[in-house]
Amino acid sequence: MAHSHSKQPKPAGPKSKTIGLLAQFDDPDSLVAACERARDAGYEKFDAYSPFPVHGIDPAMGIRRTRLPFFVLAIGLTGCLVALAMQYYTNAMDWTKIFPGYAFYISGKPLEISPANIPVTFEVIILSSAFATFFGMWIFNRLPQFANPLHRIDRFRRATNDRFFLMVNADDSKYDANRTRQQFEEWGATAIENVDMDLTDQEIPKFFKLAGIVGLFLLLVPPVMIFRAYGSTNRAPRLHVVPDMDWQDKYKAQQTSPNIGTDKEPVYLYADDRAMRAPVAGTIARGDLQEDDRYYRGYEPGTLPPPAQPVAADGSSASFVSTSGPSAQDSAPAAQDPATTGQYPGEPDWIETVPSPFVVSETAIARGKQRFEIYCSVCHGYDGNGNGLVNKRALALAATGQAQWTTAKSLHDPTVKVQPIGRIFDTISNGRNSMGPYKAQIPVEDRWAIALYVKALQETGIQPAAGAAPPAAPQQ
Ligand code: HEC
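Quick look at the structure, then. Worth saying up front: this structure is predicted, and the values here are computed from it rather than measured.

## Thoughts on the overall build of the protein
- Check the secondary structure of the protein and you find 15 helices and four strands.
- Among the 476 residues that make up the protein, the fraction classed as buried is 30%.
- A total of about 31900 Å² of accessible surface is found on the protein, and carbon and sulfur atoms cover 60% of it.

See the structure below:
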């Protein structure tokens with residue numbers, strides 16, 4: 001459905017209703033400031049939207065504490081009373097004329113309320129409180145909703161990326177379309193939009209109604225079956241719905257291994273009594289060999305230098321990467337200058353082109369762009385310039401001493417630009433300095449796609465850093 005929202009307030013048609021006014025802000029601080037001013041202007045029904053939690057926004061909005069705990073307490077106490085009453089009725093009220101209780105004496109316990117009644121009471125309290133919390137949360141949040149009108153606003157999508165929004169509800173007593181719009185402008189909104197709710201969005205879908213009716217009828221089936229079984233007998237064995245391997249001779253994890261059927265004198269299957277076997281040393285799971293250094297690690301096979309030498313007796317060469325040691329010399333000839341080749345001493349020979357089976361294609365670059373924008377742009381920015389939203393926010397917090405942060409590097413930095421694609425792949429896989437590893441989140445193929453996209457991004461020459469080195473040789 002194509003909905004266009006004009007910037008001017010439009011008269012609400014019969015099928016749509018204005019539910020508020022939305023203001024966009026470009027950074028978290030202006031959002032907090034706007035929330036404070038909305039609060040001070042007497043607005044009560046408004047909400048703020050941000051891609052990440054903004055500290056201090058709750059007091060800025062004047063949000064009251066949730067009433068949920070009181071609701072839960074009330075329902076929990078009700079549960080307590082119901083449990084006690086139920087037990088008192090079944091145990092102690094055998095004198096009622098209609099529906100008398102039972103009055104069974106068990107182990108000489110009193111029939112009236114006694115410590116024996118507490119476990120049931122306790123559990124009913126827990127159960128009713130848990131339900132009250134779960135459903136109370138839904139009710140207080142006015143959920144479920146079939147649709148949220150904000151999702152019809154294209155601009156609002158950036159609320160999960162890099163924009164900040166404030167919406168004042170139309171049913172707020174202070175709301176006035178024109179005055180509120182004027183206030184938004186004063187508070188520095190970079191865009192203002194009317195929020196209309198398409199009333200047809202809120203109708204219960206036909207499918208739900210149909211499914212509800214069918215579901216109701218299906219619900220009647222089990223009671224009918226139980227009722228039937230109640231008055232009949234049957235000699236057939238019980239139904240075993242999912243047989244799994246329930247009736248199989250087998251050992252379970254961590255069991256000992258006596259042979260089945262020799263219970264008088266157990267014969268152990270294995271000399272060490274254990275049924276579980278340790279994996280044979282030096283074996284790996286099928287398909288997990290990952291022997292291809294080029295594809296899985298981004299370097300020429302066999303060029304990984306041996307691990308760093310232990311600290312010398314005088315403690316002088318405690319550095320992890322030894323630039324003069326024999327180990328580094330083996331793989332990185334002294335002639336290589338990292339600033340122009342991107343090949344660093346003490347590191348393997350990074351490959352310059354993408355390895356097979358990865359194939360360069362438009363789809364691969366598009367995939368790389370999409371993954372880059374999910375995993376990397378938050379810090380490195382959409383253009384790779386090192387100024388993503390998280391970076392901006394962290395720098396702002398660091399300026400006031402609330403955080404410590406290493407600026408995400410510009411991917412157009414000459415020292416990054418000259419790097420072979422294999423080293424970019426390695427940075428993504430294993431992290432580098434203060435950047436964390438992404439091996440666990442991103443599969444190998446996607447890591448190559450991202451590395452490829454980084455290379456493509458660098459070729460665009462967006463914002464070349466001052467005094468940039470000559471462009472890197474094109475990859476592939
Ligand atoms: C949480 C923030 C963050 C994210 C997310 C992030 N990086 Fe980084 N990245 C950094 C920081 C910080 C540095 C600088 C590290 C340093 O030098 O201490 C860096 C450095 C780099 C470098 C340069 C390494 C070098 O040789 O100096 C590359 C290339 C890079 N990142 C690529 C990526 C790619 C590709 C992704 C997405 C998979 C990504 N980064 C995700 C924070 C991040």
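Now that the structure is up, let's keep going.
## Structural notes on the coordination of the iron atom of the ligand
- All of the protein donors around the iron atom of the ligand are His380 (NE2) and Met435 (SD); their distances to the metal are 1.9 to 2.1 Å.
- Because the angles between the six donor atoms bound to the iron atom of the ligand fall within 87 to 178°, the donor set is best described as octahedral. Of this pair, His380 sits in helix H11 (residues 377-380) while Met435 is found in the loop between helix H14 (421-430) and helix H15 (444-460), placing the two residues 55 residues apart along the sequence.
- On the basis of relative accessibility, which here comes to 11%, the residue His380 falls in the buried class.
- Residue class for Met435 comes out partly exposed when judged on its relative accessible area of 31%.

## Notes on the layout of surface pockets
- There is about 1700 Å³ of room inside the largest pocket.
- Counting only elements with at least two residues in the lining of the largest pocket, the list comes to strand S1 (16-25), strand S2 (46-49), helix H4 (118-140) and strand S3 (164-169).

## Let's talk about a nonpolar patch on the surface
- A surface patch of nonpolar side chains, about 860 Å² in accessible area, is lined by Leu127, Phe131, Phe134, Phe135, Met137, Trp138, Ile139, Phe140 and Leu143.
- Along the chain, Phe134 falls in helix H4.
- By relative accessible area, which is 45% here, Phe134 ends up partly exposed.

## Looking at the nonpolar core
- If you look at the biggest cluster of nonpolar residues, it comprises 25 residues, and the most contacted ones within it are Phe25, Leu31, Cys35, Phe46, Ile57, Leu166 and Phe184.
- Contributions of two or more residues to this core are made by S1, helix H1 (28-40), S2, helix H2 (57-61) and S3.
- Sorting elements by how many residues they give to this core places H1 first, with five residues.
- Setting aside chain neighbours within four positions, we find Phe46 in contact with Cys35, Ala38, Arg39, Met61, Leu166, Met167 and Val168.
- Counting 23 residues, the second largest nonpolar core, distinct from the first, contains Val354, Val416, Ile428 and Val444.

## Some points on the environment of Arg297
- Following the sequence through the fold, Arg297 ends up in helix H7 (residues 293-297).
- Taking the C-alpha atoms as reference, Arg297 lies 7.6 Å from Phe425; in sequence the two are 128 residues apart.
- Sequence-distant contacts of Arg297, defined by excluding residues within four places in its chain, comprise Gln290, Glu291, Asp292, Trp350 and Phe425.
- A polar atom in the side chain of Arg297 sits 2.5 Å from the backbone oxygen of Gln290.

## A closer look at the pairing of strand S4 (residues 191-198)
- Of all the eight residues making up S4, eight are buried; the element is thus mostly covered by neighbouring parts of the structure.
- Of the two faces of S4, the one holding Ala191, Glu193, Val195 and Met197 and the one holding Ile192, Asn194, Asp196 and Asp198 are both buried throughout.
- Alignment of S1 against S4, held across eight bridges, turns out to be antiparallel. Directly across from Ser16, in S4, lies its bridge partner Asp198.

## Overview of the site of the ligand
- Not every one of the 24 residues close to the ligand is listed here, only the nearest: Cys376, Cys379, His380, Ser434 and Met435.
- Residue Lys409 places a side-chain N or O atom 2.9 Å away from an oxygen atom belonging to the ligand.
- Between the ligand and Asn433 there is a distance of 3.3 Å, counted from an oxygen atom to a side-chain nitrogen or oxygen.
- Of all the secondary-structure elements, those providing two or more residues to the shell around the ligand are H11, H14 and H15.
- Top element by residues in the shell around the ligand is H14. It accounts for four residues.
- Split into classes, the residues belonging to the shell around the ligand amount to 14 nonpolar, seven polar and three charged.

## Brief notes about the sheet that holds S2
- Read across the sheet, four strands follow the order S2-S3-S1-S4 without closing on themselves; strand pairing throughout is antiparallel. In the strand order of this sheet, the two ends are held by S2 and S4, each with one partner. For this sheet the average axis-to-axis angle between neighbouring strands, irrespective of direction, equals 25°.
- Against the sheet, helix H5 (residues 177-186) touches S1, S3 and S4, its axis set at about 15° to S1.

The rules behind the values
- Residue positions are given per chain, counting from 1 as you read along its sequence in written order.
- The predicted nature of this model means local features are confined to residues of pLDDT at least 70 and side-chain atom pairs, given and counted, to a pLDDT of 80 or more, with totals for whole chains, interfaces and linings taken over all residues.
- As a rule here, side-chain values come from all non-hydrogen atoms in the structure, and water together with hydrogens is ignored.
- Secondary structure elements follow DSSP: runs of H or I of four or more residues count as helices, runs of E of two or more count as strands, with numbering from the N terminus.
- Each residue is placed in one exposure class: buried if its accessible area under a 1.4 Å probe, protein chains only, is under 20% of its type's maximum, exposed if it is over 50%, and partly exposed if it falls in between.
- For accessible areas, the Shrake-Rupley method is used with a probe of radius 1.4 Å. Any residue's cover is judged against the shown protein chains and nothing else.
- The rule for donors is simple: N, O or S, within 2.8 Å of the metal, or within 3.2 Å if the metal is Na, K or Ca. Water isn't counted, so a site may look like it is missing partners.
- Every angle between 85 and 135 degrees makes a four-donor site tetrahedral, while opposite donors more than 155 degrees apart, with all other angles between 65 and 115, make a four-donor site square planar and a six-donor site octahedral; other sites are irregular.
- Grid spacing is 1 Å over the protein atoms alone, the probe is 1.4 Å, and a cavity is where that probe fits but cannot get out, while a pocket is an open set with protein on both sides within 12 Å along at least five of seven lines and lining residues have an atom within 4 Å of a point.
- Grid points are joined across faces, edges and corners, and a volume is the space filled by probe spheres set on the points.
- Each patch is assembled from residues with relative accessible area greater than 30% and no salt bridge, linking like charges that lie within 9 Å and nonpolar side chains (Val, Leu, Ile, Met, Phe, Trp, Tyr) that lie within 5 Å.
- A pairing counts as a salt bridge when a side-chain nitrogen of Lys or Arg comes within 4 Å of a carboxyl oxygen of Asp or Glu.
- To define a nonpolar core, start from buried Ala, Val, Leu, Ile, Met, Phe, Trp, Tyr and Cys residues and group those joined through side-chain atoms within 4.5 Å.
- Here a residue-residue contact requires only that any non-hydrogen atoms of the pair lie within 4.5 Å.
- Polar contact criterion, stated in full: a pair of N or O atoms within 3.5 Å, where within protein one must be able to donate a hydrogen and the other to accept it, and residues adjacent in sequence count only if both atoms are side-chain atoms.
- DSSP-based pairing: two strands are paired if at least 2 bridges between them are found.
- Residue proximity to a molecule or strand is established when one non-hydrogen atom of the residue lies within 4 Å of it.
- The residue classification treats Ala, Val, Leu, Ile, Met, Phe, Trp, Tyr, Cys and Pro as nonpolar and Asp, Glu, Lys and Arg as charged. All others, Gly included, are polar.
- Comment: axis = line fitted to C-alpha atoms, over the contacting stretch for helices; angle = value between 0 and 180 degrees taken between N-to-C directions.

On their own, these measurements won't tell you what the molecule is for.
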